[in-house]
Amino acid sequence: MQDRVRLESLLEKTSVSLPDDAKAAAGIDAARLSLQLSGVELASQPVVPPPPPPGSAAPPPPPPPAPGGFMPPGPPPPPGAPGFGSSTQKKIPKASNPMKSYNWAKLSEVQTKATLWKELDDAPMFKVLDLPEFERTFSAYQKKEGSTEDLSQLKAKPKELSVIDGRRAQNCTILLSKLKMSNEELKLVVLSMDDDEEITADMVEQLLKYVPLPDEIQLLSSHKDEIDKMARADRFLCEMSKIEHYGQRIAVLFYKKRFEERVSECRPKVEAIFRASREVGRSTRLRRLLEVVLAFGNYMNRGARSNAFGFKISSLNKIVDTKSSTDRRVTLLHYLIETVERKFPEVLQLERDLPNVRNAAKVKYIQTRFLKLDYFH
């Protein structure tokens, strides 16, 4: 009861006209007394002394914490300090207005180690490029265009009229009639990897299309006692399903028969890729073009997409997706070409640096992996 009276008296004193230091002291006492009344233990809480009156000496620093005490963490290091972030902050001019984004696959400074990007620098590009014109051309839209999504319709599964699908059974029967071999003979061919060269590579390729599927194996196994009553295709699939790893065996057999042919086909393609790779790495015109694109992207993008030290080459395909704000027919690709024509005309001769790139671009990646069994699934 006496504590409550004391609290009320302190609060009344703080409401009258008192010096600032007295108000502070009274407010602190009132706060401490209020916490004590509510059951809060204040023995471990630090006490903030009132500010000294004008002209008085500064109070001594607080004593160090007792052994085992907890020191509050210091302020976080400023951005750019060692240990804060993983890449250096690049000096990129800021656009005066929001701009459209270039949807690239950004590479950080760490990701560009031991790559061509470590030798490129887009900083000089900002002094050469016409940034105000670029900003006007690709300012952000206020109105977002609606996008229509193509909804794929699910195809209904055809009803099975027999153990296996009728069309598949018909095509399988046609193939077996061309082979003119019994099921037992075909089993020996598969198990021996056709040492006697009894079937051609084309026939083996067709057999790959009629490897028994899991659902077909399940259906056929339920009728294994009626194998004599099965049709030609059903009986073939049932017999082949009894061979362990039949699908892989057929795939290996096909690979064996086409190996020499595939090596002779792949060799000139691989050589073209090697020549084109050397040309790309040595081209100074290509480096200048990539620097311009890197400067455009860093200027346009903000936030996590900015401050890029490089980008994936596949991002070049998305340049055409960024359209101008003033003319919908103009894309970032058009603007890039106009900029190169005005500022870097020597880049227009880029194709002279890359005579083998066109031929190498025709090679599909899977064709260079001739040691991979593409029919293993």
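Please read all numbers here as calculations on a predicted model, not as lab measurements.

Q: I keep staring at the overall build of the protein and nothing clicks. Help me out?
A: The secondary structure content of the protein amounts to 14 helices and two strands. Here the analysis covers contacts within the protein between residues at least 6 apart in sequence; of these, 79% occur between residues at least 24 apart. For the protein, the accessible area works out to roughly 26100 Å², and carbon and sulfur atoms hold 56% of it.

Q: Explanation requested: the layout of surface pockets in the structure shown.
A: If a probe the size of a water molecule is rolled over the atoms, the empty space left behind becomes visible. Roughly 760 Å³ of internal volume is contained in the largest pocket. Leu 286, Leu 289, Ile 313, Leu 316 and Leu 350 are the residues nearest the centre of the largest pocket, which is lined by 24 residues in total. Secondary-structure elements contributing two or more residues to the lining of the largest pocket are α11 (284-300) and α12 (332-343). Here the lining of the largest pocket is built from residues that sort into 20 nonpolar, three polar and one charged.

Q: Would you take a moment to explain the packing of helix α6 (residues 183-191) against helix α10 (residues 246-282) for this structure?
A: Each pair of packed helices can be described by the angle between their axes along with the distance between the axes. Where α6 meets α10, the axes come as close as 9 Å, and the angle between the chain directions of the two elements is 65°. Comparing their axes, α10 and α6 come out roughly perpendicular. Along the contact surface, α6 presents Val 189, Val 190 and Leu 191, while α10 presents Tyr 246, Arg 249, Ile 250 and Leu 253.

Q: Please clarify how the packing of aromatic side chains should be interpreted in this entry.
A: Each aromatic ring pair is summarised here by two numbers: the centre-to-centre distance and the angle between the ring planes. A complete count under the given rule lists nine aromatic pairs for this structure. Ring centres of Phe 134 and Phe 138 lie 5.4 Å apart, and the angle between their planes is 55°; on these two criteria the pair is classed as tilted. A relative accessible area of 0% places Phe 134 in the buried class. Here Phe 296 and Tyr 335 contribute two aromatic rings whose centre-to-centre distance is 5.8 Å and whose plane-to-plane angle is 55°, an arrangement assigned as tilted. Here Tyr 335 lies in helix α12 and Phe 296 lies in helix α11, a separation of 39 residues in the sequence. Site record: aromatic cluster; members linked through ring pairs are Phe 134, Phe 138, Phe 296, Tyr 299 and Tyr 335. The positively charged end of Lys 90 is found above the aromatic ring belonging to Phe 309, 4.9 Å away from the centroid.

Parameters and conventions
Residues numbered from 1 in each chain as written. Predicted model: local features only at pLDDT ≥ 70, side-chain atom pairs only at ≥ 80, totals over all residues. Heavy atoms only, no water. Helix = DSSP H or I, 4+ residues; strand = E, 2+ residues; numbered from the N terminus. Contact = heavy atoms within 4.5 Å. Areas by Shrake-Rupley, 256 points an atom, 1.4 Å probe, with all protein chains shown as cover. 1 Å grid on protein atoms, 1.4 Å probe; cavity = no way out; pocket = protein on both sides within 12 Å on 5 of 7 lines; lining within 4 Å. Points joined across faces, edges and corners; volume = space filled by probe spheres on them. Nonpolar A, V, L, I, M, F, W, Y, C, P; charged D, E, K, R; others polar. Axes fitted to C-alpha atoms, helices over the stretch in contact; angles between N-to-C directions. Parallel < 35°, antiparallel > 145°, perpendicular 65-115°, else oblique. Phe/Tyr/Trp six-rings, centres within 6.5 Å; stacked < 30°, edge-to-face > 60°. Buried < 20%, exposed > 50% of the residue type's maximum accessible area, 1.4 Å probe, protein only. Lys NZ or Arg CZ within 6 Å of the ring centre and 35° of its normal.

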